[in-house]
Every structure is written in C-alpha cells, then in structure tokens.
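Commentary on secondary and tertiary structure
One letter stands for each residue in the lines below.
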Amino acid sequence: MTFVIERVKRSSKQSGKQAADTEPSTGSTGDARRDRWRKHRIARRAEFVEAALRALDAHGPDLGMEDVAAEAGVTKPVLYRHFEDKADLYVALGQRGTEILFERLIPAINAELAPVPRIRMALDSFFGVIEEHPNLYRLLAHGGLPGKTTDSDVVAEDKEVIATALTALLGDYMRMFNMDSGAAEPWAHGIVGMVQSTGEWWLDRRSMGRDSVVEYLTQIIWAAIDGLTRQQGVVIDPNLPLEENKVVQLGRTEEDADTDAG
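To keep things clear, this report deals only with the structure shown in the data block. Because the structure is a prediction, the values reported are computed rather than measured. (Residues numbered from 1 in each chain as written. Predicted model: local features only at pLDDT ≥ 70, side-chain atom pairs only at ≥ 80, totals over all residues. Heavy atoms only, no water.)

This part takes up the overall build of the protein chain. The number of helices and strands found in the protein chain is 11 helices and two strands. Here the protein chain holds 262 residues, and 48% of them are scored as buried. The long-range share in the protein chain, meaning contacts at least 24 apart out of those at least 6 apart in sequence, stands at 74%. Taken as a whole, the protein chain presents about 13,000 Å² of accessible surface, with 52% of it coming from carbon and sulfur. (Helix = DSSP H or I, 4+ residues; strand = E, 2+ residues; numbered from the N terminus. Buried < 20%, exposed > 50% of the residue type's maximum accessible area, 1.4 Å probe, protein only. Contact = heavy atoms within 4.5 Å. Areas by Shrake-Rupley, 256 points an atom, 1.4 Å probe, with all protein chains shown as cover.)

Following this line, the structure appears as structure tokens:
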C-alpha cells in the first residue's frame with residue numbers, strides 16, 4: 001500500500017514585484033513570452049539556491065548576501081530580483097534541504113530489505129545528509145539567519161511530514177500482524193525526535209564515526225520493535241525481508257509547488 005503524505009504548507013514573504021512577476025510553476029499561461037520568462041526565473045532562482053548552499057557550506061550561518069552573490073558570479077542587486085531578503089533565501093534553502101533529504105530518505109525507507117538493514121539504510125541516509133551539509137542543518141534547526149525572522153520552521157515541518165509517513169508505515173505493519181496500531185503515532189514521533197536529537201548531538205560532538213552512531217541507533221530502534229512485537233506473540237527475523245513490503249510516498253501540494261517558484 002502506498003501512502004501519499006501532503007507536504008506541510010511553507011510560508012514565504014513575497015514582495016509586490018515578485019508576486020506580479022511570478023506565475024504558478026505548473027501549466028501554461030497561454031502567453032509564450034511570459035511562460036519563457038517564468039521558466040527562466042524559476043531556473044535562475046534554483047541556480048542561486050545552489051550557490052547559496054555552497055556559500056553556506058563554506059562560510060557558515062553568518063554568510064551574507066554578498067557571499068551568495070560572489071559564489072553565483074552575480075551582483076547583489078541581481079539576487080534581490082529573485083529573493084526579497086535573507087529570510088526569503090532562508091526559506092528557499094530550507095526547501096532545497098528538504099528535497100535533498102527526502103530524495104535519499106524515502107528510497108531508503110521503502111527499500112525491499114530485511115527490517116534491520118532497512119532501518120540502517122534509512123538512518124544512514126539522514127546522517128549522510130547532515131554530514132555533507134552540517135551548516136545547512138544547523139541553520140534550519142537553530143532558527144534561521146541571525147537577525148532575521150521567518151514564519152517557516154523547516155525542521156519542524158519536515159519532522160511532522162516524516163513522522164506522519166512513519167505513522168502510516170508502522171500502523172500498516174502492526175495491522176498486518178493483527179496488533180493494535182494505536183501506538184503507531186506516538187512511536188513514530190518518538191523515533192523521529194530521537195534521531196533528530198542524536199543528529200544534533202553528533203554534529204556538535206563528533207565523538208564517534210557516522211557508521212557507529214548509525215549502528216547504535218539501528219540497534220536501539222530494532223530492540224524497541226522486537227520487544228513490542230514479542231509481547232504480542234509476534235517474532236520477526238531481523239535479517240529476512242517481510243512477506244509484504246509496505247511503503248510510503250511523500251507528496252507535495254500544488255500550493256507548495258507554487259511557493260517554490262516564487
């Protein structure tokens with residue numbers, strides 16, 4: 001069974017000029033010139049977000065728009081044609097970070113593997129992303145750019161989306177084994193919270209390697225699953241794929257797509 005989880009709406013300030021220039025990211029306006037201009041703006045904004053990500057990796061959360069402009073090879077006024085301010089850029093970085101995470105996490109969660117390798121693969125995908133982009137994760141987890149505010153909490157939104165998807169996945173498996181699925185939601189939120197807190201700790205301390213922290217978390221999560229199922233008289237072999245591979249799919253609303261095009 002495939003579960004489609006709608007993305008939590010992200011909010012981003014849009015200036016009057018941007019709102020006038022921006023068209024929805026899907027469909028055609030019927031005006032060829034306007035469509036070409038819209039696609040050009042979307043492509044340029046995406047290029048600048050990638051430049052901002054590289055600048056963030058290099059300079060940390062204190063990066064300025066001048067750092068992004070230098071990385072992109074343009075002037076600051078050019079950037080401000082596509083982003084209202086640093087808060088707007090922050091939201092765009094958060095959206096890109098979400099894309100990177102979900103592109104790796106969802107295939108791992110849905111892998112047709114035995115339970116323990118599947119858990120390990122999902123955890124490794126998360127820790128791989130935060131290891132590659134630690135400054136992006138710190139920026140999003142700690143509330144954005146210094147001195148700037150935004151009404152979009154990317155990390156909280158992503159946690160909610162992942163926990164919702166995991167609730168569906170766990171609930172489906174629990175029902176498959178004739179277990180009470182009521183525990184799926186608190187269980188899912190507990191797992192997501194534990195993984196996030198451990199990720200923040202690991203980024204700050206680095207007292208062990210990525211493989212080690214992934215393995216410890218894998219064993220902790222599996223121990224909880226194994227303990228609960230055994231209480232219900234269900235014994236699962238951690239190294240054999242389950243008879244049915246339940247999967248999740250994260251979807252996005254049209255409104256989210258339109259926001260990204262801003």
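What follows covers the nonpolar core. Core analysis: the biggest nonpolar cluster contains 66 residues, and L93 and F127 have the highest contact counts within it. Among the elements that take part in this core, helix 5 (residues 86-109) stands out by supplying 12 residues, more than any other. The residues contacting F127, other than those within four sequence positions of it, are V195, T198, G199, W202, R210, V213, V214 and L217. (Core = buried A, V, L, I, M, F, W, Y, C linked by side-chain atoms within 4.5 Å.)

It is worth spelling out the packing of aromatic side chains at this point. Each aromatic ring pair is described using two quantities: the centre-to-centre distance and the angle formed by the ring planes. Applying the stated rule across the entire model yields three aromatic pairs. On the numbers, 6.1 Å between centres and 85 degrees between planes, the contact of F126 with Y137 is edge-to-face. Of this pair, F126 sits in helix 6 (residues 115-132) while Y137 sits in helix 7 (residues 134-141), and the two are 11 residues apart along the sequence. Take F126 and Y137: they sit in the same class, and that class is buried. On the basis of an interplanar angle of 75 degrees and a centroid distance of 5.6 Å, the ring pair of F127 and W202 is categorised as edge-to-face. Taken as a pair, F127 in helix 6 and W202 in helix 9 (residues 184-205) lie far apart in primary sequence, 75 residues in all. Sitting over the ring of W202, R206 keeps its end group 4.4 Å from the ring centre. (Phe/Tyr/Trp six-rings, centres within 6.5 Å; stacked < 30°, edge-to-face > 60°. Lys NZ or Arg CZ within 6 Å of the ring centre and 35° of its normal.)

Take the side chain of N135 next. Note on placement: N135 falls in helix 7. Judged by relative accessible area, N135 falls into the buried class, the value being 14%. Other than its neighbours up to four places away in sequence, N135 contacts L56, D57, G60 and P61.

Relative to the 40 Å expected for 28 residues at 1.5 Å per residue, helix 2 (residues 32-59) spans 40 Å between its end C-alpha atoms, a close match to the ideal helical length. Residues D35, R38, R41, R45, F48, V49, A51, A52, L53, A55 and L56 constitute the buried set of helix 2. G60 lies just past helix 2 and shows a positive phi near 85 degrees. (Expected span 1.5 Å × (residues − 1).)

Taken as a whole and assessed by the stated rule, the structure comprises 15 salt bridges. In this structure, E47 and R44 form a salt bridge, with 2.9 Å as the shortest nitrogen-oxygen distance. Here the residue E47 and the residue R44 both occupy positions in helix 2, the gap between them amounting to three residues, near one helical turn. Note that R96 is salt-bridged to E50, the shortest N-O span being 2.5 Å. With R96 in helix 5 and E50 in helix 2, this pair connects stretches of sequence that are 46 residues apart. (Salt bridge = Lys/Arg side-chain N within 4 Å of Asp/Glu carboxyl O.)

Right, let's get into unusual backbone geometry. With the exception of glycine, most residues fall at negative phi, and the peptide bonds are largely trans. Backbone geometry at N178 places phi at a positive 60 degrees, although glycine is not the residue there. Of note in the backbone geometry, R206 takes a positive phi value of approximately 50 degrees without being a glycine. Mapping R206 onto the fold places it in the loop between helix 9 and helix 10 (210-231).

Where helix 7 contacts helix 9, the two axes come as close as 11 Å, and the packing angle between them is 125 degrees. One way to sum up the angle between helix 7 and helix 9 is to call them oblique. For the element pair helix 7 and helix 9, the recorded crossing hand is left-handed. For the pair helix 7 and helix 9, the contacting residues are P134, Y137, R138 and A141 in the first and Q196, E200, L203 and D204 in the second. The residue inventory of the contact of helix 7 with helix 9, partitioned by class, reads four nonpolar, one polar and three charged. (Axes fitted to C-alpha atoms, helices over the stretch in contact; angles between N-to-C directions. Parallel < 35°, antiparallel > 145°, perpendicular 65-115°, else oblique. Left-handed = near helix turned anticlockwise from the far one by under 90°. Nonpolar A, V, L, I, M, F, W, Y, C, P; charged D, E, K, R; others polar.)

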